[in-house]
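Structural description and commentary
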Amino acid sequence: MAKKILKSVCRSCHGGCGALMHVEDGVLVKVEGDPNSPLNKGRLCPIGAVTRDLVYHPDRLHYPRRRKGPRGSGQWERISWDAALDEIAQRLNAIRKEFGPWSIALGTGTGRHHIRWVSRFGHAMGTPNWCEPGFAQCFHPRVNTCVQTMGDLPVCDFTGEVPAKVILYWGHNPVHSGPDGETRFNVRDSLAANPKIIVVDPRKTELAEKADLWLRVRPGADDALALAMLNVIIGEKLYDQAFVARWTHGFDALAERVKTMTPEWAEPLTWVSADLIRAAARLYAQTRPGILEWGCAIEHTPNCIQTVRAISMLPVLTGDIDVPGGMVFGMHGIGRFPSLIENLTPEASAKRLGADRFKMLGGEGAALPAAHIPTLLEAMRTGKPYPIKAFLVFGNNTLTTYANSSQVLESLTKVDFMVNADLFMTPTAELADIVLPAASWPELDQIAGLPTIAGNVVLGQQKVVRVGECKSDEEIFVELARRMDLPVGKESVIEVLDQQLKEGLGIDFAQLTEKGFVKVPFRYRKYETDGFKTPTGKIELYSTRLEAMGYDPLPNYQEPPESPLSRPDLAQDFPLVLTTGGRIPFYFNSEHRQIAKLRRAYRDPKAEIHPETAKRFGIGEGDWMWIETRRGKMKQRAKLSDGIDPRVVNAEHGWWFPDQPAPEYGVWQSNANLLTDNGPPYDPAMGTYQLRALLCRVGKV
Ligand SMILES: Nc1nc2c(c(=O)[nH]1)N[C@H]1C(S)=C(S)[C@@H](COP(=O)(O)OP(=O)(O)OC[C@H]3O[C@@H](n4cnc5c(=O)[nH]c(N)nc54)[C@H](O)[C@@H]3O)O[C@H]1N2
Ligand SMILES: Nc1nc2c(c(=O)[nH]1)N[C@H]1C(S)=C(S)[C@@H](COP(=O)(O)OP(=O)(O)OC[C@H]3O[C@@H](n4cnc5c(=O)[nH]c(N)nc54)[C@H](O)[C@@H]3O)O[C@H]1N2
Ligand code: SF4
Ligand SMILES: [Mo]
């Protein structure tokens, strides 16, 4: 019997846990955490632990299929890869010729191995229109804001020697989640040093229970809260005066901006008492070093960039930037990804949907420019400013994770040609013309270069098995580029990986997978020799780049457009504030509901509500409860909690039911995005729409 243990890295979430893959006669028999990995030290979470159940799930797509019958009728026929790829290549080339390459759009999901390869393939075809439902709503607002104002994204120093003495968790519950390169294990380990804990969250999470201070903020009022904390830190001179004087630009202007934004000003806006705001500002500023764990909750409302801006200034004012135990900049261990963006003609670049308005998403303020989803969906529906003829989806369950799902359905049904590559059939894949079976993470080669973790570990993810006729997304792009005879993008996957690794680490992919991972030597206080990569060479509290793009150079407060304060008229009928999300440890966004072990651990969707509010509407613990907004209605089971504000409801996102009949798989029953809004106003710089802080009403089913 041929037995081997191969080193790889779990990619079932944003994490990147080192994994040992036990393979016998071409079958994956066991997956365990790599004890040598600095990220997980041998552990796997419930999702990583069921990797075999994912790879060998009986519902996995094993071969390409073509739709018979009308769109959404659920009738399919098996076809060969040759037939599938030739048909796609021929249709796409015809569309490019007749309508221009920009009329082809691509979609993908968050933080996957192939996210940048989707943009690469788009650029190779000549279209600027690729998108991801998190781009304007998740992580990239933090990345782009910090790149513009500090030169890079600062991240928690989890792999250094010095533990943080205070941790500020803001709209983030990383013991269950952990975006881009952080694992839940790093987060848990950082608690072992017994730091002070401050939590800003409308729900009483496990972290909130442990916290020294818990600020139960009104959803969507994070900007006001952060500005008030800045007011206290500046007003009481709690900031690091030497650092601020030498390394920041525009401190006086910031001080002037927040002068009137006192805790008393913020109290009625945030529903947090002025005393508690003061206490949090003092505890955070006076305990050092400190880290900021910020999550996507601050990026789910239309004042996203300025909220991020305000919160990002907290560790800047305390001087906890690029110091041991603080917020540090990565060492960038791998070479530049060849995104092929230079292949776009100026005409094509100018056609990126939404880029003229949202420059931090699609223009000069974006590290990797992407299209604006609501503008793209509108172009699908109306043909304006030009028609979108094809939509190629590589790993996104569009009907569950984009805002306003009913309108998303309407948009997708207008597209002439839709292709979907996924591990499983989903309600979204059922709308496609051709469905391709994608390889899952143990079935493909990739580099997990995680510049977002302080240790800057570069990990090799290697193909250890393959099921059916699955191909990796990257391989599909290469094959299509060749069949379409595109001018660029035809190198093999390994050639591209080798090039990135040689440029960064001087090794090739085979050498990386042999080692498993490479730790890049770390250096603190890089700014002392290099400065900050901004126009002034300093951290820009007053942002010259935001100003040049026509946006507010200083952080500001905006009331959410659908709130009890901005729309008291609407609040008569929809009296409660709705927030959505709240990550579940057993599922990743809309995924994993078909894995029996995970589903047994967490059967039904749950919405959190205060017992008094539930009683008022005749709802008991575990009852199915309607939640309704102006956009639509869906049901989840009531989870009663006296930790949530009586005026707030939290609904989980990502729910559909793979066990229910095709083609809908129950996607219209409990889907939080039937409630959310993708209409204006958007964040002026990022185009962010509203996934949280909306008005709703509830009732017993
Ligand atoms: N297990 C698991 N891990 C995941 C994911 C998953 O689905 N499952 N998803 C991945 C993705 S895409 C991401 S972006 C990350 C997200 O991970 P997190 O950033 O942790 O996101 P959430 O858990 O949705 O929200 C964090 C907290 O914000 C609170 N919250 C809700 N509304 C507001 C608000 O208006 N203001 C504030 N301050 N807090 C609010 C919620 O109660 C919740 O406790 O996790 C990634 N990792
Ligand atoms: N209401 C509400 N909506 C939200 C959020 C929220 O908190 N509330 N969170 C938002 C955020 S932060 C984000 S980032 C987005 C997340 O949105 P996405 O990241 O797009 O998540 P999914 O829609 O679950 O799509 C992932 C799909 O990829 C498939 N897949 C997994 N691995 C592979 C692979 O290797 N190749 C291919 N081709 N397919 C694969 C899975 O089976 C699944 O169908 O959702 C956003 N939507
Ligand atoms: S935390 Fe993420 S990367 Fe780590 S085992 Fe779980 S799913 Fe995999
Ligand atoms: Mo996300």
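Residues numbered from 1 in each chain as written. Chains lettered and ligands numbered in written order. Predicted model: local features only at pLDDT ≥ 70, side-chain atom pairs only at ≥ 80, totals over all residues. Heavy atoms only, no water.

**What to know about the packing of helix H16 (residues 373-382) against helix H18 (residues 405-412)**
Stated formally: Only the contacting stretch of a helix is used when fitting its axis, a line to C-alpha atoms as for every element, and angles between N-to-C directions run 0 to 180 degrees. Each helix corresponds to a stretch of at least 4 residues labelled H or I by DSSP, and each strand to a stretch of at least 2 residues labelled E; elements are numbered beginning at the N terminus. Should an angle fall under 35 degrees it is called roughly parallel, over 145 degrees roughly antiparallel, and 65 to 115 degrees roughly perpendicular, with every other angle called oblique. Whether a crossing is left-handed or right-handed is set by the direction in which the near helix is turned from the far one by less than a right angle, anticlockwise for left-handed and clockwise for right-handed. Pairs of residues are marked as contacts when any of their non-hydrogen atoms sit within 4.5 Å.
Put simply, H16 and H18 touch, their axes get as near as 8 Å, and they point 50 degrees apart. Judged by the inter-axis angle, H16 sits oblique to H18. Between H16 and H18 lies a crossing whose hand is left-handed. For the pair H16 and H18, the contacting residues are Leu377, Met380 and Arg381 in the first and Gln407, Val408, Glu410, Ser411 and Leu412 in the second.

**Some thoughts on the pattern of salt bridges**
We apply this condition: By salt bridge we mean one thing: a side-chain nitrogen of Lys or Arg within 4 Å of a carboxyl oxygen of Asp or Glu.
Summed over all chains, the structure comprises 42 salt bridges. Across the salt bridge formed by arginine 66 and glutamate 77, the nearest N and O atoms sit 3.0 Å from each other. Taken together, the positions of arginine 66 in strand E4 (residues 65-67) and glutamate 77 in strand E5 (residues 76-78) put the pair 11 residues apart, joining distant regions of the chain. Across the pair glutamate 256 and lysine 259 runs a salt bridge, and its minimum N-O distance is 3.8 Å.

**Description of the site of ligand 2**
Filter applied, for reference: Put simply, a residue is near a molecule or strand once any heavy atom of it comes within 4 Å of that molecule or strand. N or O atoms within 3.5 Å of each other form a polar contact, as long as, within protein, one can give a hydrogen and the other can take it, and as long as residues adjacent in sequence are counted only when both atoms are side-chain atoms. The Shrake-Rupley method, run with a 1.4 Å probe sphere, supplies the accessible areas, and residue values consider only the shown protein chains as cover. Polarity classes work like this: nonpolar for Ala, Val, Leu, Ile, Met, Phe, Trp, Tyr, Cys and Pro, charged for Asp, Glu, Lys and Arg, and polar for all others, with Gly in that last group.
Near ligand 2 you find 33 residues, and of these Thr110, His113, Asn396, Asp422 and Ser590 are the closest. One of the backbone N or O atoms of glycine 395 is found 3.4 Å from a nitrogen atom in ligand 2. Compared with its free state, where it exposes 920 Å², ligand 2 has 98% of that area covered by protein. At the level of elements, helix H17 (398-401) and strand E16 (417-422) are the ones that each hand at least two residues to the shell around ligand 2. When grouped by side-chain class, the residues that make up the shell around ligand 2 number 8 nonpolar, 19 polar and 6 charged.

**A few points about the domain arrangement of the chain**
Note the following rule: All the domain ranges listed were derived from an automatic or database domain assignment. Note on definitions: buried area is the accessible-area loss of two parts on being combined, 1.4 Å probe, summed for both.
Here the chain is described as being made up of domain 1 (3-55), domain 2 (65-136 + 333-519), domain 3 (154-328) and domain 4 (568-700). Here the C-alpha centroids of domain 1 and domain 3 sit 34 Å apart. If you look at the interface, domain 1 gives 13 residues, while domain 3 gives 11 residues. In this assembly, domain 1 packs against domain 3 so that about 930 Å² is buried in total across both faces, 56% of it on carbon and sulfur atoms. Counting across the domain 1 and domain 3 interface gives 2 salt bridges.

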